[in-house]
Amino acid sequence: MKEKIKVAMSVDFLKSFSNIPRTQQAKVSKFINDFKNNPMSSGINYEKIHAVKDKNLRSVRIDQTYRGIVLKPEQGNIYMLLFVGIHDDAYDWAKQRVFNINPHTGALQIIDATSVAIKEKETEEKILGGLFKGIKDKHLLKLGVPEVLLPIVRKIETELDLDKTVKHLPQEAEEALYLLAMGYSYEEAMNELEKSNSEEDVNINDFDKALNNSDTLRRFCIVDDDEALMSLLDAPLDQWRVFLHPSQRKLVNKDKYNGPVRVLGGAGTGKTVVAIHRAKWLAENIPSTSNERILFTTFTKNLADDITSNLKKICSLDLLKRIEVKNIDSWVTNFLKNNKYDYDIRYLSNESLQEYWENAYNTANQDLGLSLDFYKEEWMHVIQAQGITNEKVYLKAKRIGRGVPLNRSARKEVWSVFEEYRAYLNSNNIKEFTDAVRDARALLKAQGNILPY
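Scope of this entry: the structure provided in the associated data block. (Residues numbered from 1 in each chain as written. Predicted model: local features only at pLDDT ≥ 70, side-chain atom pairs only at ≥ 80, totals over all residues. Heavy atoms only, no water.)

**Points about the environment of Ser29**
Argument step 1. Topologically, Ser29 is positioned in helix α2 (residues 22-37).
Argument step 2. In this structure Ser29 comes out as buried when scored by relative accessible area, which is 15%.
Argument step 3. Once the C-alpha coordinates of Ser29 and Leu229 are considered, the two residues, 200 residues apart in sequence, prove to be 9.1 Å apart.
Argument step 4. Among residues more than four places away in sequence, those in contact with Ser29 are Phe17, Met230 and Leu233. (Helix = DSSP H or I, 4+ residues; strand = E, 2+ residues; numbered from the N terminus. Buried < 20%, exposed > 50% of the residue type's maximum accessible area, 1.4 Å probe, protein only. Contact = heavy atoms within 4.5 Å.)

**A look at the side chain of Gln109**
Argument step 1. Position of Gln109 among the secondary structure elements: in strand β7 (residues 108-112).
Argument step 2. Judged by its relative accessible area of 2%, Gln109 falls in the buried class.
Argument step 3. Polar contacts involving the side chain of Gln109 include one to the side chain of Asn102, which spans 3.2 Å.
Argument step 4. Every residue in contact with Gln109, bar those within four places of it in the chain, is listed here: Val98, Phe99, Asn100, Asn102, Gly144, Pro146, Pro170, Glu172 and Arg219. (Polar contact = N/O pair within 3.5 Å; in protein donor to acceptor, adjacent residues only side chain to side chain.)

**A short note on the pairing of strand β5 (residues 78-86)**
Argument step 1. For β5, the buried fraction is high: eight of the nine residues fall into the buried class.
Argument step 2. Alignment of strand β1 (residues 6-10) against β5, held across four bridges, turns out to be parallel. Directly across from Met9, in β5, lies its bridge partner Leu81.
Argument step 3. Linkage of strand β4 (residues 66-71) to β5, two consecutive antiparallel strands, is achieved through a turn of six residues, within which Gly76 is found at a positive phi near 85°. (Pairing = 2+ DSSP bridges.)

Rendered as structure tokens:
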């Protein structure tokens, strides 16, 4: 049986494609599509590149002006689109690159071979010194540092030197070196990067396996879908759509979780990207005979609209039909109304309840010296959190972490404000939105459906 042709595209290819004038991109897009369908077509002219360091690199003619750079390993039926540009730029780029499978990690790495001056080891003392003097060579290699670049890593003396050097290293090595420079041990860095410390036999000629390596997938994607390819070329700088960090990919592709999962991270760390890809993965894995759908909830309508727009960039029309994106208050309200649940009650967010809180606060004993914000937080973190419905329970309730001690008489005074607040809500057929979520979950449970988290 003939081995199936596999075509991969690098992040450098997309970056270089984005630099081509829009008026010229159409012909390049056509070439890419033709190349994907049959890289051995007689219409594709492969040319050797003189003085290139990697003998597997070839140039392909797109027209009189533009050339593409392709890697065709000696083993396997794999072709990799690496760069596209005008003739001289493409050739210069190719002459500066070497492609190797890291024998310690199994990742396909792109090394800039001429912009870094690699000198012979001077002395054993020199090599063992520097910023990473306490880290063994075998550990640096396991963290993704290419062996050919070990000498320059050993010459790094300061964090300023590190800043100048890491641009020449694969991304996984860059991240690892910064962790080590911050004081992480080798074991801690491996754990942080979610790398396995077990020894694995790596075939440095098996490009097919290397393309599935989590670090390789930071910079290469397999091109096997015409619609996805055209969408990718339409916005080549939206690299979040294809190239995920290994820790992101692990969250996205995990088959099963034992209950709810919380993903923590600061702004800009890719939490929404992970959620978008996770929704796509879940939708792809719904059996074709099932009517099940994926519910993707957010806190605001604007974010829901933005997520829907981004899902359109990575999902087919059929896949999009399996994903519903709604801000949580809209979904819960519609769900309750559609099920005729307390139909006359209005559910309001905390922001919409300010007037009711102010009215209740006007009845408070001001001698206690408690602000309106205190009452609102006490209600949220104690009353609502513990489901307290009467004064007797509140008098005995735990208030750990609230910061302001309340004796029995003070609690009675505070509870009177809560009763006033609740009376305003009841008289106007209003419930807080947290109650709406609780009602929806109870109704879903009664119906035997999955609870939303």
